[in-house]
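Chain and residue survey
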Amino acid sequence: MDWNHYRFRSLWALPAPAPTVYRSLERIEDYPRWWPQVRQVTRLGDTGGVVRIRSLLPYDLTTTLRERRRDPAAGVLEVAIDGDMEGWARWTVAPRGSGALVRYDQEVDVGKPLLRRLAVPGRPLFRANHRLMMRAGRRGLAAHLQAV
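Read on for an overview of the structure. None of these values were measured; they are calculated from a predicted model.

How two helices sit against one another is set out by the angle between their axes and by the gap between those axes. Interaxial distance between helix 1 (residues 18-26) and helix 4 (residues 119-147) falls to 11 Å at its minimum, and their mutual angle equals 115°. Where helix 1 crosses over helix 4, the handedness of that crossing is right-handed. Contacts between helix 1 and helix 4 involve Thr20, Val21, Ser24 and Leu25 on the former and, on the latter, Leu141, His144 and Leu145. Within the contact of helix 1 with helix 4, the residues separate by chemical class into four nonpolar, three polar and no charged.

Right, here's the structure in full:
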């Protein structure tokens, strides 16, 4: 088992139509407005950005995101991830009643030296940290969508 390899999946039921949710997720530069753990986003053209993340645990992760797929008809946004983590992430947005169901998939290898050294004892904490971050993201996006 590679202790520095992670796969994550989250499902978010949101109270807004799928196209509205998709448009919000496209705008990574707005993530810090509604997602507390996304501390900073610096846009790199129309198809990428540098993102600084910090959740409950006392470390920052800095990653560069580069668009791999943008398909509004299928509700898919996918990026390649480089930096403190390497891999990919994908949002898939689908209609669900009058709202939307959002699925987040991520597969990454951690490269940040401190996290690699703490891989075995820290793994349960890192996974819990990710769950907390995703929970806050869902709540933040739901509130943002209600305000729009």
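Moving on to the pattern of salt bridges. One pass over the structure, following the stated rule, counts 14 salt bridges. Across the pair Glu107 and Arg7 runs a salt bridge, and its minimum N-O distance is 3.3 Å. A residue pair is termed long-range when its members are at least 10 positions apart, and Glu107 in strand 7 (residues 99-110) and Arg7 in strand 1 (residues 5-14) qualify at 100 residues. Take Arg7: its relative accessible area is 58%, and that puts it in the exposed class. Here Asp105 and Arg103 are joined by a salt bridge, their closest N and O atoms 2.8 Å apart. Look at Asp105 and you get buried, because its relative accessible area is 6%. One network of salt bridges, in which partners are shared, links Arg27, Glu29, Asp30, Arg33 and Arg43.

Along the polypeptide, Leu56 turns up in the loop between strand 3 (48-53) and strand 4 (61-71). The sequence separation of Leu56 and Asp82 amounts to 26 residues, and the corresponding C-alpha distance is 22 Å. When residues no more than four places from it in sequence are discounted, the contact partners of Leu56 are Asn129 and Leu132.

Take the nonpolar core next. Trp12, Val21, Leu25, Trp35 and Trp91 are the most contacted members of the largest nonpolar core, which has 39 residues in total. Per element, the largest residue contribution to this core is six residues, and it comes from helix 4. Sequence-distant contacts of Trp35, defined by excluding residues within four places in its chain, comprise Trp12, Trp91, Met133, Met134, Ala136 and Gly137.

Alignment of strand 1 against strand 7, held across 10 bridges, turns out to be antiparallel. In the strand pairing of strand 7, Ser10 is matched with Tyr104. Bridge analysis of strand 6 (residues 85-96) against strand 7 gives 12 bridges, and the strand direction is antiparallel. Counterpart to Trp88 in the pairing with strand 7 is Glu107. Joining the antiparallel neighbours strand 6 and strand 7 is a turn of two residues, in which Gly97 adopts a positive phi near 60°.

Criteria and cut-off values
Residues numbered from 1 in each chain as written. Predicted model: local features only at pLDDT ≥ 70, side-chain atom pairs only at ≥ 80, totals over all residues. Heavy atoms only, no water. Axes fitted to C-alpha atoms, helices over the stretch in contact; angles between N-to-C directions. Helix = DSSP H or I, 4+ residues; strand = E, 2+ residues; numbered from the N terminus. Left-handed = near helix turned anticlockwise from the far one by under 90°. Contact = heavy atoms within 4.5 Å. Nonpolar A, V, L, I, M, F, W, Y, C, P; charged D, E, K, R; others polar. Salt bridge = Lys/Arg side-chain N within 4 Å of Asp/Glu carboxyl O. Buried < 20%, exposed > 50% of the residue type's maximum accessible area, 1.4 Å probe, protein only. Core = buried A, V, L, I, M, F, W, Y, C linked by side-chain atoms within 4.5 Å. Pairing = 2+ DSSP bridges.

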